[in-house]
Amino acid sequence: QVQLVESGGGLVQPGGSLRLSCTASGRIFSVSLMAWYRQAPGKERELVAQVSTGGRTNYADSVKGRFAIFRDNANNAVDLQMNSLKPEDTAVYYCNQDLLLIGATHVENYWGQGTQVTVSS
């Protein structure tokens, strides 16, 4: 079985910072695209940031200049550093990875369970 375990969510004041971490475990041969999504109450899930195997990054316009995504290939991990947080960043944040499992013939997409981020004074 494959698991994506997230950590680092919580309550923070506007202007503060948080760092989310996600580690994949299981019979993993390789990881391609890694990403973070978020879903606020009453809204659809949206892409926050993604990073390719080559290190190319892509960010939602709403977080550019404030968030940064980092990948650690050796540990199948991806972090999201969030700075200058705003109340509108409040959401459940989900890790997402494209994984090739040992013995598999194609990449499959996996989700973490989500971690709550609340930005409020």
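Please read these numbers as outputs of a predicted model, since none were measured by experiment.

## Let's talk about the packing of aromatic side chains
In total, this model carries two aromatic pairs according to the counting rule given. The interplanar angle of 85° and the centroid separation of 6.4 Å between the aromatic rings of Y94 and W111 together place this pair among those described as edge-to-face. With Y94 in strand β9 (residues 91–101) and W111 in strand β10 (residues 108–111), the pair connects residues that are 17 residues apart, well separated along the chain. Of the residues examined, W111 reaches a relative accessible area of 37% and is grouped as partly exposed. The structure contains a cluster of three or more aromatic residues connected by ring pairs, namely Y37, Y94 and W111. A cation over an aromatic ring shows up here: R45 above the ring of Y94, its NZ or CZ 3.7 Å from the ring centre. R45 extends its terminal NZ or CZ atom over the ring of W111, reaching a point 4.6 Å from the ring centre.

## Digging into the state of the cysteines
For the structure on display, the rule yields one disulfide. Shown here is the disulfide that connects C22 with C95, its sulfur atoms set 2.1 Å apart. Measuring handedness by torsion sign, the sulfur bridge of C22 and C95 sits at about -75° and is left-handed. Of the two residues, C22 sits in strand β3 (residues 18–25) while C95 sits in strand β9, which places them 73 residues apart along the sequence. The same class applies to C22 and to C95, which are both buried.

## Let's talk about the pattern of salt bridges
Enumeration according to the criterion identifies five salt bridges in this entry. Here D89 makes a salt bridge to R38, at a shortest N to O gap of 3.0 Å. Highlighted residues: D89 in the loop between β8 (77–82) and β9 and R38 in strand β4 (residues 28–39), separated in sequence by 51 residues. Both residues of the pair, D89 and R38, belong to the buried class.

## So, the sheet that holds strand β7 (residues 67–72)
Read from one edge to the other, the open sheet built from four strands follows the order β1-β3-β8-β7, with strand pairing classed as antiparallel. Each of the sheet's edge strands pairs with one partner strand only, and the pair in question is β1 (3–7) and β7. Direction aside, the axes of adjacent strands within the sheet are offset by 15° on average. When β7 meets β8, the two strands line up antiparallel, connected through six bridges. The residue bridging A68 from the neighbouring strand is Q81, located in β8.

What counts as what
Residues numbered from 1 in each chain as written. Predicted model: local features only at pLDDT ≥ 70, side-chain atom pairs only at ≥ 80, totals over all residues. Heavy atoms only, no water. Phe/Tyr/Trp six-rings, centres within 6.5 Å; stacked < 30°, edge-to-face > 60°. Helix = DSSP H or I, 4+ residues; strand = E, 2+ residues; numbered from the N terminus. Buried < 20%, exposed > 50% of the residue type's maximum accessible area, 1.4 Å probe, protein only. Lys NZ or Arg CZ within 6 Å of the ring centre and 35° of its normal. Disulfide = S-S within 2.5 Å. Salt bridge = Lys/Arg side-chain N within 4 Å of Asp/Glu carboxyl O. Pairing = 2+ DSSP bridges. Axes fitted to C-alpha atoms, helices over the stretch in contact; angles between N-to-C directions.

Functional significance is not addressed by these values, which are geometric in nature.
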